[in-house]
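Spelled out from the first residue to the last, the chains are:
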Amino acid sequence: MPKLSFRTTAEIKVSPKIADQVIGQEDAVKVIKKAARQRRHVLLIGEPGTGKSMMGLALAELLPKEKLVDVVSFPNPNDDNQPLIRTLPAGQGRELVNKSRLESVNVFKYQNVIMFILLIIALIAPWWAFNHYTTIGGPLLGGLMFMAFFLGGMVFLASFILFLNFGRRMDGRIKVPKVIVDNYNKAQAPFHDATGAHAGALLGDVLHDPFQTGGLGTPAHERVVAGMMHKANMGVLFIDEIATLQPGTQQELLTALQEGKYSITGQSERSAGAMVRTEPVPCNFILVAAGNVETVRHMHPALRSRVRGYGYEVFMRETMPDTEENREKIAILVAQEIVKDKKIPHFTKAAVDEIVTEARKMANRKGHLTLHLRALGGIVRAAGDMAVEEGAKLVDKKHVMTAKKIARSLEQQIADKIIEHRKDYEVIITAGKKVGRVNGLAVLGSGTSYSGLIMPIEAEVTPGGEAKDIIATGKLGEIAKEAVLNVSAIIKKFFGEDIRKTRDIYVQFLQTYGEGVEGDSASIAVATAIISALKGVPVKQDYAMTGSLSVRGEVLPVGGVSSKVEAALEAGIKQVIVPRTNLKDIIIDPADASRIRIIPVDTIAEVLRESLDWKGNENVLKKIVAV
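Residues numbered from 1 in each chain as written. Predicted model: local features only at pLDDT ≥ 70, side-chain atom pairs only at ≥ 80, totals over all residues. Heavy atoms only, no water.

A. Quick peek at the overall build of the chain. Of the regular secondary structure elements, the chain holds 22 helices and 25 strands. Burial analysis of the chain (627 residues in total) assigns 47% to the buried set. In the chain, the share of contacts with a sequence separation of at least 24, taken over all contacts with a separation of at least 6, comes to 75%. Counting only carbon and sulfur atoms, one obtains 54% of the accessible surface of the chain, whose full area is about 31500 Å². (Helix = DSSP H or I, 4+ residues; strand = E, 2+ residues; numbered from the N terminus. Buried < 20%, exposed > 50% of the residue type's maximum accessible area, 1.4 Å probe, protein only. Contact = heavy atoms within 4.5 Å. Areas by Shrake-Rupley, 256 points an atom, 1.4 Å probe, with all protein chains shown as cover.)

B. Quick peek at the packing of helix α9 (residues 247–259) against helix α11 (residues 301–309). Axis separation between α9 and α11 bottoms out at 9 Å; the angle between their running directions is 30°. With respect to α11, the axis of α9 lies roughly parallel. The hand of the α9/α11 crossing is left-handed. Counting all contacts with α9, which are made through Gln250, Leu253, Leu254, Leu257 and Gln258, the residues of α11 involved are Ala302, Leu303 and Arg306. (Axes fitted to C-alpha atoms, helices over the stretch in contact; angles between N-to-C directions. Parallel < 35°, antiparallel > 145°, perpendicular 65-115°, else oblique. Left-handed = near helix turned anticlockwise from the far one by under 90°.)

C. A look at the packing of aromatic side chains. As enumerated under the stated definition, the model contains one aromatic pair in all. Its end group placed over the ring of Tyr310, Arg306 keeps NZ or CZ at 4.0 Å from the ring centre. (Phe/Tyr/Trp six-rings, centres within 6.5 Å; stacked < 30°, edge-to-face > 60°. Lys NZ or Arg CZ within 6 Å of the ring centre and 35° of its normal.)

D. Local environment of the nonpolar core. Ranked by size, the top nonpolar core spans 42 residues in total, and within it Ile457 and Ile604 carry the most contacts. At nine residues, helix α18 (residues 523–535) tops the list of elements feeding residues into this core. Among all residues touching Ile604, those that are not within four sequence positions of it are Ile490, Phe494, Ile524, Ala527, Thr528, Leu549, Gly553 and Val555. In this structure, Phe6, Ala331, Ile338 and Leu376 belong to the second largest nonpolar core, which totals 31 residues. (Core = buried A, V, L, I, M, F, W, Y, C linked by side-chain atoms within 4.5 Å.)

E. Representation of the sheet that holds strand β5 (residues 191–193) in the model. One open sheet holds the five strands; their spatial order is β5-β8-β11-β1-β12, and the pairing between them is parallel. The sheet is open, and its two borders are formed by β5 and β12 (311–315), each paired with just one other strand. With direction set aside, neighbouring strand axes in the sheet form an average angle of 15°. Contacting β1 (41–45), β5, β8 (236–239) and β11 (286–291), helix α3 (residues 52–62) runs over the sheet at an angle of about 175° to β8. (Pairing = 2+ DSSP bridges.)

F. Focus on unusual backbone geometry. Within the chain, Arg39 stands out as a residue other than glycine whose phi angle is a positive 55°. Its location among the elements puts Arg39 in the loop between α2 (26–38) and β1. One non-glycine residue, Lys342, lies in positive phi territory at about 65°. For Lys342, the location among the structural elements is in the loop between α12 (324–341) and α13 (349–363). Assessed through its relative accessible area of 74%, Lys342 is described here as exposed.

G. Main features of empty space enclosed by the protein. By the definition in use, this model includes four cavities of 30 Å³ or more. Its volume calculated, the second largest cavity comes out at about 40 Å³. In terms of lining, the second largest cavity is formed by Phe74, Pro75, Asn76, Asp80, Pro83, Lys175, Pro219, Ala220 and His221. The residue makeup of the lining of the second largest cavity, split by class, is five nonpolar, two polar and two charged. (1 Å grid on protein atoms, 1.4 Å probe; cavity = no way out; pocket = protein on both sides within 12 Å on 5 of 7 lines; lining within 4 Å. Points joined across faces, edges and corners; volume = space filled by probe spheres on them. Nonpolar A, V, L, I, M, F, W, Y, C, P; charged D, E, K, R; others polar.)

H. Summary view of the sheet that holds strand β3 (residues 84–89). Pairing is antiparallel in the open sheet, where three strands are placed in the order β3-β2-β4. Edge positions in the open sheet fall to β3 and β4 (178–181), since each of these has one partner strand only. If you compare each strand with its neighbour and ignore which way they point, the axes differ by 40° on average. Of the strand pairs in this sheet, strand β2 (residues 69–74) and β3 are connected by six bridges, and their pairing is antiparallel. Paired with Phe74 across the strands is Leu84, a residue of β3.

I. Representation of the confidence of the model for the chain in the model. Of the residues in the chain, 84% reach a pLDDT of 70 or more, and the chain-wide mean stands at 83. Scored below 50 in pLDDT, residues 168–173 makes four contacts in the model with residues more than four places away or belonging to other chains. (pLDDT = per-residue confidence, 0-100.)

J. Representation of the environment of Phe149 in the model. As for its position among the elements, Phe149 is in helix α6 (residues 139–173). With 26 residues separating them in the primary sequence, Phe149 and Leu123 have C-alpha atoms 8.7 Å apart. Aside from chain neighbours lying at most four places away, what touches Phe149 is Ala125, Pro126 and Ala129.

K. View of a positive patch on the surface. Taken together, Lys17, Lys33, Lys34 and Arg37 make up a surface patch of like positive charges. Locating Arg37 in the fold gives a position in helix α2. Residue Arg37 is classed as exposed on the basis of its relative accessible area, which comes to 56%. (Patch = residues over 30% accessible without salt bridge, like charges linked within 9 Å, V, L, I, M, F, W, Y side chains within 5 Å. Salt bridge = Lys/Arg side-chain N within 4 Å of Asp/Glu carboxyl O. Lys, Arg positive; Asp, Glu negative; His and termini not counted. Charge placed at Lys NZ, Arg CZ, Asp CG, Glu CD.)

Spelled out as structure tokens, the structure:
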């Protein structure tokens, strides 16, 4: 890929091919191209926003041009409840229906004209007979002939009415076929997104007929509705979160994949349509199924086996290395989003660089850029809207900066409210020193929606020994509970005794009953709070910390570090302790970096030496450092 040089994104060429627009998923694109050539099924597993639906569209675009067909439902003269199914070249279905409709209208056209003429003659004849025979034989003869012709006319009128009724019934018997899959004027292989579709929409259905008796009902073949998998014949059927389909529906989908055809029947047992079942309808489609890691566990095993045996499984990447080439791909993404949106102006080079910075931050992994491109595209559109509002011809860095503040995720907005509330009621303390109290750091959300949160933790150690384990409160998850228990090993290592035999340890995560505590990133904060309470050494409250803790006292990396540092900045904290291995993960604005001191650590001993005020307790510190 040649080096990309541009002043604005207007200079970047956007490929019209969907496969070329996929960013950062080169291995997946290779699989998609291979699947298109060989007509293979594909299972895409990955987080939302990484391009799974785009892969499905790309596969449909890459499929070789097939001869598409129309599918037509015909009445079955031998069994009304088993409509006949026929296929015709694309476009001929409509012609057949129109021709049949004209034929049904014209069946009795000429007969009706003749009958109307005879009816008029029958109505006029009595008067003609009265005048004619009155002239010949007088009024008596004229009256008798009038009555004779009149009665004959009435008989003819009754016969005419019966004929019309018979004609209507005959007209009903000449039933017009129905096109259930219409590919008129289509050349590209069809793509149908059946995500969230109910069984009837996916597998096809037969509509309920409330007038199914008495000759008033709609013929069964006219009530047949093709499902998305029938409409995707010779094309692609895309289903995201496929595990959410009912097991029975997944089984029916498997049958359709195996046979390449599937009969349509009513999906409601109480409906008149449940008695109707068509002949098998073609559904030779390529299945592109998608979902997250949970999907693999809940997907019908036979369906997954079918996809794996006759196709490919692909795990979508969430990040890509932060290289010059990949940063250029982010610039191409910005240009693509602008072209797709058609309502926002192009970006300057500085604005694109700011988007790249945000991609680094969202990656939550040092030396990488995020591939959660839907979230990144949201910032692009928000920045474009800001430029449009100002009447700017180009989107600049300031628009992106403003957009990031306006287009904050729900998790970020909730975290802001929690921090504001805790500061108002002095739950968060950012100055002074307190025994047994530590400012921990946590995150709300996951993926690209991380938002940092200050999580005050308090510990108390009392005489006792009745409680066998550390008592922790604050709506803790299983991993958080295990992390608290691991602290016991550290304390025993430092002080050479199992204090649980003589004392009870209480840990409280303050006011976390709304969001709860998951994960082990507060391990070093818990250990610091307990050791502070145990030895009576105060903790500096202008410090905050995050990090996992091994039973040997090593500080291990955690997620969402950039968001946690931002939360500390918002709260007015001056120092933040983080695992040394997370140091390169921290992406914050240079202006903010000067307002906070980031302290990388490798062990819990370093955490304690930095965050506690050891004045008067130097001997305890020496004992900890010596271990």
